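Structure at a glance
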Amino acid sequence: MKRQSDEAGAAQFAATLAADEKIEPRDWIPEGYRQTLIRQMAQHAHSEVIGMQPEGNWITRAPTLQRKAILIAKVQDEAGHGLYLYSAAETLGTSRDELVDLLHKGKQKYSSIFNYPTLSWADMGAIGWLVDSAAIVNQIALQRTSYGPYARAMVRICKEESFHARQGYSIMMALSKGTDVQREMMQDAIDRWWWPSLMMFGPPDAESTNTAQSMEWKIKLYTNDELRQEFINQTVPQAHYLGATVPDPDLTFDEESGNWNIGAIDWDEFWAVVKGNGPLNRQRIAHKLKAWEENAWVREAASAYAAKRSRDRIEATA
Ligand code: FAQ
């Protein structure tokens, strides 16, 4: 098949974006678009996979059989999200092995949020309600991102994340109706997870290096601050419904804009976590590497089985 010239490809790419249609793997794309998508999708996939650790920590200590079954299902879903995203990234000419290797070598990032410890059962509620809700606000927008395979992965992931957020809020509701100690546990979890959840949306727009170009390419449809504000507006009333407070003495409601205005986010803390110096950065990667090495036999067995199946198929048709 004759390859499209760069000039014709660029014109087609611009026209596809202008028409709000999807760019597909067969299409000509600028190298920067490819690299930006690989960076963001890999970071997203790694976040789903590393994100299993904080909650995995509580599976053996879930308070009831039902809560344990729900938590196991949720953690498994996160693994699945990682796999859809690695597969979607592979359509850009990279491989899952390559991306996992970059994560292991500290050359690709994952979300800052997963470097904080889960100290009590209420943290399972806070993660489901705050972290998954923040992920949903970001990912609902990404369902309309310009790259087809990424947008389609988001549709399925968002459905599952909605269940995750509901299960988190259900844990918080149960605690809010419990004893004084349970209510204190709930409030303590909110106090610890509130600010890190707001940081998930990335640096303020003025410091975001990638947003302008990503918006031009319609990879991102909203800025970091726009999505953060949407999350704050939807979440503050939910906290109040629980009878809880948001740990921000400067929080005010602006009647005119309908926005909840927050106090200053500690961006020094955010950058420290992003640069590898959060509470658990080293442990998270060490644990990931240990699991990767100890479970090498599973990958080998799966490859050997796949090779045998394909040999059998060839022999059967010979
Ligand atoms: N953590 O120029 P921007 C989940 C980096 S999924 C670490 O604004 P961009 C599900 C950024 O990479 C959560 N690094 O960047 C779940 C860049 O550095 P680089 C993950 C961050 O890409 C729930 C630099 O800062 N979701 O939670 C963070 O335009 C429960 C400058 O930033 C996604 O990945 C951060 N928070 O916007 C699983 C969604 N923020 O790469 C288990 C897809 C920024 O140039 C349990 N990603 N940085 O060296 C996105 O939408 C975007 O990548 C943003 C950042 C919005 C995260």
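Only a predicted model underlies this, so the values are computations on that prediction, with no experimental measurement involved. Here, residues in each chain are numbered from 1, in the same order as that chain's written sequence. Confidence filtering applies because this is a predicted model: local features only for residues at pLDDT of at least 70, side-chain atom pairs given and counted only at 80 or more, and all residues used for totals across whole chains, interfaces and linings. Hydrogens are left out, water is left out, and the side-chain values use all remaining heavy atoms of the structure.

**A word on the overall build of the protein**
Quick reminder of the rule: Helical segments are the DSSP runs of H or I of at least four residues, strand segments are the runs of E of at least two, and each set is numbered from the N terminus. In this setup the radius of gyration rests on C-alpha atoms only. A globule is expected at 2.2 Å times the number of residues raised to 0.38. Throughout, exposure labels follow a simple rule: accessible area from a 1.4 Å probe, protein chains only, divided by the maximum for the residue type, with under 20% read as buried, over 50% as exposed, and the rest as partly exposed. Contacts were defined at the residue level, with two residues in contact if any of their heavy atoms lie within 4.5 Å. Computed with a 1.4 Å probe, the accessible areas rest on the Shrake-Rupley method; for each residue, only the protein chains presented here act as cover.
Scanning the protein from N- to C-terminus turns up 13 helices and two strands. Radius of gyration (C-alpha) of the protein: 21 Å, near the 20 Å computed for a compact globule of 318 residues. The principal-axis extent of the C-alpha atoms belonging to the protein is close to 70 × 50 × 30 Å. Per-residue burial over the protein gives 47% buried out of 318 residues. Across the protein, every contact between residues at least 6 apart in sequence was considered, and the portion connecting residues at least 24 apart equals 76%. Carbon and sulfur atoms make up 55% of the accessible area of the protein, which totals about 16500 Å².

**Comments concerning the packing of helix 2 (residues 31-50) against helix 7 (residues 148-176)**
Selection criterion: Orientation is described by axes fitted as lines to C-alpha atoms, over the contacting stretch for helices, and by angles from 0 to 180 degrees between their N-to-C directions. Any angle from 65 to 115 degrees is called roughly perpendicular, while one under 35 is roughly parallel, one over 145 is roughly antiparallel, and all others are oblique. For a crossing to be left-handed, the near helix must be turned anticlockwise from the far one by less than a right angle; the clockwise case is right-handed.
Closest axis-to-axis distance for the helix 2/helix 7 pair is 13 Å, and the angle between their directions is 25°. One way to sum up the angle between helix 2 and helix 7 is to call them roughly parallel. The handedness of the crossing between helix 2 and helix 7 is left-handed. When helix 2 is examined against helix 7, the residues L37, Q40, M41, H44 and E48 are found in contact with a partner set consisting of Y150, M154, I157 and E161.

**Side note on the layout of surface pockets**
Applicable threshold: Whether a set of points on the 1 Å grid over the protein atoms alone is a cavity depends on a 1.4 Å probe fitting there but being unable to get out, while an open set qualifies as a pocket with protein on both sides within 12 Å along at least five of seven lines; lining residues are those with an atom within 4 Å of a point. Grid points are joined across faces, edges and corners, and a volume is the space filled by probe spheres set on the points.
In this structure, the second largest pocket encloses a volume near 720 Å³. V49, M52, A79, K288 and A291 are, among the 24 residues lining the second largest pocket, the residues nearest its centre. Where the lining of the second largest pocket is concerned, the elements lending two or more residues are helix 2, helix 3 (52-56), helix 4 (65-90), helix 5 (96-104), helix 12 (281-294) and helix 13 (296-317). The element contributing the most residues to the lining of the second largest pocket is helix 4, with seven residues.

**Quick notes on the site of the ligand**
Note the threshold: For this description, a residue counts as near a given molecule or strand if any of its non-hydrogen atoms is within 4 Å of it. Side-chain atoms alone can form a polar contact between residues adjacent in sequence; in general such a contact is a pair of N or O atoms within 3.5 Å, and within protein one must be able to donate a hydrogen while the other accepts it. As a working rule, the residues Ala, Val, Leu, Ile, Met, Phe, Trp, Tyr, Cys and Pro are called nonpolar, Asp, Glu, Lys and Arg charged, and the rest polar, with Gly in that last group.
Contacts to the ligand come from 36 residues, most closely from K109, S208, N210, K220 and N224. Between the ligand and N138 there is a distance of 3.0 Å, counted from an oxygen atom to a side-chain nitrogen or oxygen. Separating an oxygen atom of the ligand from a side-chain N or O atom of N224 is a distance of 2.8 Å. Summarising the interface, the protein chains cover 92% of the accessible area of the ligand, which totals 1100 Å² for the free molecule. Mapped onto the shell around the ligand, the elements with two or more residues apiece are helix 2, helix 4, helix 6 (122-142), helix 7 and helix 11 (267-277). In terms of residue class, the shell around the ligand is made up of 13 nonpolar, 14 polar and nine charged.

**Brief notes about the packing of aromatic side chains**
Defined as follows: Stacked, tilted and edge-to-face are the three classes assigned to paired rings of Phe, Tyr and Trp, where Trp is represented by its six-membered ring and a pair needs centres within 6.5 Å; plane angles under 30 degrees give stacked, over 60 edge-to-face, the rest tilted.
Under the counting rule described, the total for this entry stands at twelve aromatic pairs. Between Y33 and W217, the ring centres sit 5.8 Å apart and the planes meet at 85°, which makes this aromatic pair edge-to-face. You can see Y33 sitting in helix 2 and its partner W217 sitting in the loop between helix 9 (211-216) and helix 10 (224-241), a full 184 residues away along the chain. Judged by its relative accessible area of 14%, W217 falls in the buried class. Relative to F231, the ring of F201 lies with its centre 5.5 Å away and its plane at 45°, an arrangement referred to as tilted. Taken together, the residues span a long stretch of sequence, with F201 in the loop between helix 8 (180-199) and helix 9 and F231 in helix 10 at a distance of 30 residues.

**Details of the environment of G106**
Turning to its location among the elements, G106 is positioned in the loop between helix 5 and helix 6. For G106, a relative accessible area of 62% corresponds to the exposed category.

**What to know about helix 1 (residues 6-18)**
Defined as follows: To estimate the expected span of a helix, count its residues, drop one, and scale the result by 1.5 Å. Arc, as used here, means the arc of the directions from the helix axis to the C-beta atoms.
Look at helix 1: 18 Å from first C-alpha to last across 13 residues, which is about the 18 Å you get at 1.5 Å a residue. Looking only at helix 1, the buried set comprises G9, F13, T16 and L17. Considered in projection along helix 1, the buried side chains sweep an arc of 95° and stay on one side of the axis. For helix 1, the exposed residues lying more than 90 degrees away from the buried face are E7 and A18. Here the buried face of helix 1 lies against helix 2 and helix 9.

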